[in-house]
Every structure is written in structure tokens, then in C-alpha cells.
Amino acid sequence: MTTTTAMIPFFPPDLFEDDRDLLLDAVHEVATDPVQKFILGERTARFEDLLRTDLDTEDVIACGSGTTALSLILRAMGITAGDEVIVPAFGCAPLANTVLGVGATPVFADIDPHTLVIDPEAAEALITPRTKALMPAHMFSVMADMPRLRALADRHGLRLIEDSAVAQGAVLDGRPAGTWGDAGVFSFVQVKSFGGPGEGGVVVTGDPELARTVRMLRNHGQDGAHRFRHHLIGLNSRFDEVLAAFQLRRHPGLARRLARRAEIAAHYTDRFTPLAAEGVTPPPPGTNGRCYYVYTLLAERRDELKRHLAAHGADSHVYYPQALPHQPAFAPAARPGGSWPNAERAARQCLSLPVYPHLTDAQVERVTEAVLGFAAAPAPVA
Ligand SMILES: *Cc1c(COP(=O)(O)O)cnc(C)c1O
């Protein structure tokens, strides 16, 4: 049986099509506003207020990206040369490069083999007198074990930086992602679950002193009241008014988008859970502490599965093909003799499936059937 249905893309070509009018209106409104303020204006302030109310936290500070949000937090905490920050060995580059960027050393901890988030026991074993902070990241489908990491940080007097870049809207034990750490972040780059057409991020914190420092640092160390008085050595990490206007108007639809992602993910997990014996493992089921940035399977024959899916009309993507301590840029910072078997296995086996909210049920079913068909086929004789 063959169908002529088009390939289901992993990165949809029409991400903002449903919001086209909102986007064009936002550009027009900001461009023709007599105040002519294109960064850090009144819309950015309202967007910060909206998220602060949403999260019921002390402060939300909009900035240039999720990456600079992490950099601002590290700087505001005074983390610097000679300090160590414990990060997961599997994840995206900002986990390592933001720490190196303030002159400190990322110390890579192995991950849990199934949930793919930092293993708190591995993290604890790496604490030294130089350790200043833990920086766990919520991964593709699962939030890090924040209750244990919070307790670990408290027990050792460490700061807790929550890389919740992908997890806006996720909730663990009734508490939103971003509010578990001393500070957390969200990213609004296009692929994230509340991504927009450009760069943007926020710092989320319950600590008013940290918030005040981050606000200064994001705009060249100025305090907001006195322009051109630089109290701190800051960055340019400001927020765009067009993106703020767009996100403000689109925000009421976020819960519905997340619910659709969760529905697709639950369907995949339900159908794929029996495949463990065939070497295909979905993320754990459930809704507590789950995020649906991307939906990531582990497959023993990952590259074969990827080819099979492509042949059956479903595109997929490998996030991330190499563990952080093995990246050329970060390997020199990794502890000699370190070993990260779970991170290495995840890099070999991870495969992400399309999970964006405007997938139709028929498309979801096509992806599902393609995975099931692969698992049902006999493995090639080695
Ligand atoms: C995307 C991402 C970031 C960085 O966000 P940007 O806005 O792209 O700079 C940081 N951490 C994690 C876990 C991410 O997935």
C-alpha cells in the first residue's frame, strides 16, 4: 500500500500562519506608536507582568534570549573564575557555554537513563568546595527532579539555577517550571513551546535582590532611572516590543497549545509503551512534571528508525547527537577520566518525533503507525 500524502515535517513550515494577523498587527502597532520604542517599552513591561501573575512569583525580567537569561543569572549570582557549576552531561550548548562565559567551570553530571534529566546522585558526587551552583535543565519531555535538587542545593549551600527554557507551562507537584530554582528561564525562540518569530527570553525569580541586579545587567548595568549611569558591567540583552505585543495577544492560546501537545504525546506514549522489548522506549507516561517541547524516544536502532520513518512519510530529528563533555568546545573543561555512560547512550539512541499543536489526528496516526511498523519488522541479521 502506498500513499501520496506529503511528508510530515519535523519543523513545520507554517508555524505562525494561524497568528499571521496578530503578527502583522503587532508590527504595525509598534512601528506607528508615537513613542517609537522598539525595545523594553510598555509592552515588554506588560508581558513581564502577565508572566509574573501567571507564575505568582516575585519578578520576571524579559531579555534577549534563553541563553543570555542564563548568563544574566550567573553574573548576578557573582559566579566567576575558580567557581564550579554542576550541569547535565546531555543537553544543549548553553548549559556549558554560559558557565564558561563567566569564567567558571561546568562540571558534567550523568543523566537518568530513562527520563534523560540530570541524576541527583551523580550531581551530589561531584560537589566540591568550589561548587557554587547546580544548573539542571528540563529536557524534552520531563522536568528535572526539582524537589531532590532543591534539597541537595539547600543541604550544601548552593544556588539552584533552573534551566526551564523549554518548559513554560509545565507543572511539577503543583509548582510551575521556572519557580523551583533561585532563578529560572524561559526561551521564546521559534521551536520552543511558546516560541515566536525571533529571539527572546525571560529570567524568573523569587529573589528581589537578584531581580534588581538582572534588570540592570540586561541593559548595560543601568538602573532604569538614570540613563548612562552604569552601576555594573552589563550586557545588551533587551526585549523586542514587537515580540512582546505578539506574545501578549497570543498568550490566551498557550494553554490550548500545550494541551494539544500533551494529547499527542500521551497518544504516542500509550501506543509505544509495549515496544520496550523491541528496543524502542518512550518517555514515562503521566502528566506531573511533563513538558512537550519535543517528544523524544530512545531507540536501539535509532538511525534505522529515522530512515524507516522518512520512508513512511514522517520526518524526525536527533536532539542531541553528542554528549556535552565530548563536544570539541567543552571537552577541555570536562573532568579528566569522567564517564557519562547514560548521556552517551542517549546521544546514540534519542530520536524526536513531530509534536507541534497543529498536527492533525491523521498525521499523528501516520507517525504512530510508522514507529509501530518499524518495531514489528524483524531486526536485520547482524
Ligand atoms: C533553547 C534552550 C536554551 C537557550 O534558549 P535560546 O533562547 O535559544 O538562547 C537553553 N537551555 C535549553 C535547555 C534550551 O532548550
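Note that the coordinates shown come from a computational prediction; the quantities given were computed from them, not determined experimentally.

As a further point, take empty space enclosed by the protein. Empty space among the atoms becomes apparent when a probe as large as a water molecule is rolled across them. Per the stated rule, a full pass over the model turns up two cavities of 30 Å³ or more. In this structure, the largest cavity spans a volume of roughly 80 Å³. Along the walls of the largest cavity sit 14 residues, with His114, Thr115, Leu116, Pro283 and Thr296 positioned nearest its centre. Here the lining of the largest cavity gets three residues from one element, more than from any other, and that element is strand 11 (residues 295-299). Tallied by class, residues from the lining of the largest cavity come to nine nonpolar, five polar and no charged. Of the domains in this structure, domain 1 (17-252) and domain 2 (253-376) are the two that each give at least three residues to the lining of the largest cavity. Space inside the second largest cavity adds up to approximately 30 Å³. Around the second largest cavity, the lining residues are Glu278, Gly279, Val280, Glu300, Arg301 and Phe374. Per-class residue counts for the lining of the second largest cavity are two nonpolar, one polar and three charged.

This brings us to the packing of helix 3 (residues 66-76) against helix 7 (residues 208-217). When two helices pack together, their arrangement is given by the angle between the helix axes and the distance between those axes. Between helix 3 and helix 7, whose axes approach to 9 Å, the crossing angle comes to 120°. With respect to helix 7, the element helix 3 is oriented oblique. You can see that helix 3 and helix 7 cross each other, and the crossing is right-handed. Residue-level inspection shows Leu72, Arg75 and Ala76 of helix 3 in contact with helix 7, the latter providing Leu210, Thr213, Val214 and Leu217. Considered class by class, the residues forming the contact of helix 3 with helix 7 number five nonpolar, one polar and one charged.

Further remarks concern the site of the ligand. The full set of residues close to the ligand is Ser65, Gly66, Thr67, Cys92, Pro94, Asp163, Ala165, Val166, Ser187, Val189 and Lys192. In this structure, Gly66 approaches the ligand through a main-chain N or O atom, which is 2.8 Å from an oxygen atom. Residue Thr67 places a side-chain N or O atom 2.5 Å away from an oxygen atom belonging to the ligand. Protein chains shield 88% of the accessible area of the ligand, which is 380 Å² for the free molecule.

For the rest of this paragraph, the subject is the domain arrangement of the protein. With domains assigned, the protein is organised as domain 1 (17-252) and domain 2 (253-376). Distance between the C-alpha centres of domain 1 and domain 2: 24 Å. Interface area for domain 1 against domain 2, summed over the two sides, is near 3500 Å², with a carbon-plus-sulfur share of 63%. Looking at the side of domain 1 facing domain 2, the largest losses of area belong to Phe108, Phe140 and Ser141, adding up to 20% of the total buried there. Where domain 1 meets domain 2, there are one salt bridge.

How each quantity is defined
Residues numbered from 1 in each chain as written. Predicted model: local features only at pLDDT ≥ 70, side-chain atom pairs only at ≥ 80, totals over all residues. Heavy atoms only, no water. 1 Å grid on protein atoms, 1.4 Å probe; cavity = no way out; pocket = protein on both sides within 12 Å on 5 of 7 lines; lining within 4 Å. Points joined across faces, edges and corners; volume = space filled by probe spheres on them. Helix = DSSP H or I, 4+ residues; strand = E, 2+ residues; numbered from the N terminus. Nonpolar A, V, L, I, M, F, W, Y, C, P; charged D, E, K, R; others polar. Domains from an automatic or database assignment. Axes fitted to C-alpha atoms, helices over the stretch in contact; angles between N-to-C directions. Parallel < 35°, antiparallel > 145°, perpendicular 65-115°, else oblique. Left-handed = near helix turned anticlockwise from the far one by under 90°. Contact = heavy atoms within 4.5 Å. Near = heavy atom within 4 Å. Polar contact = N/O pair within 3.5 Å; in protein donor to acceptor, adjacent residues only side chain to side chain. Areas by Shrake-Rupley, 256 points an atom, 1.4 Å probe, with all protein chains shown as cover. Buried area = accessible area lost by both parts, 1.4 Å probe. Salt bridge = Lys/Arg side-chain N within 4 Å of Asp/Glu carboxyl O.

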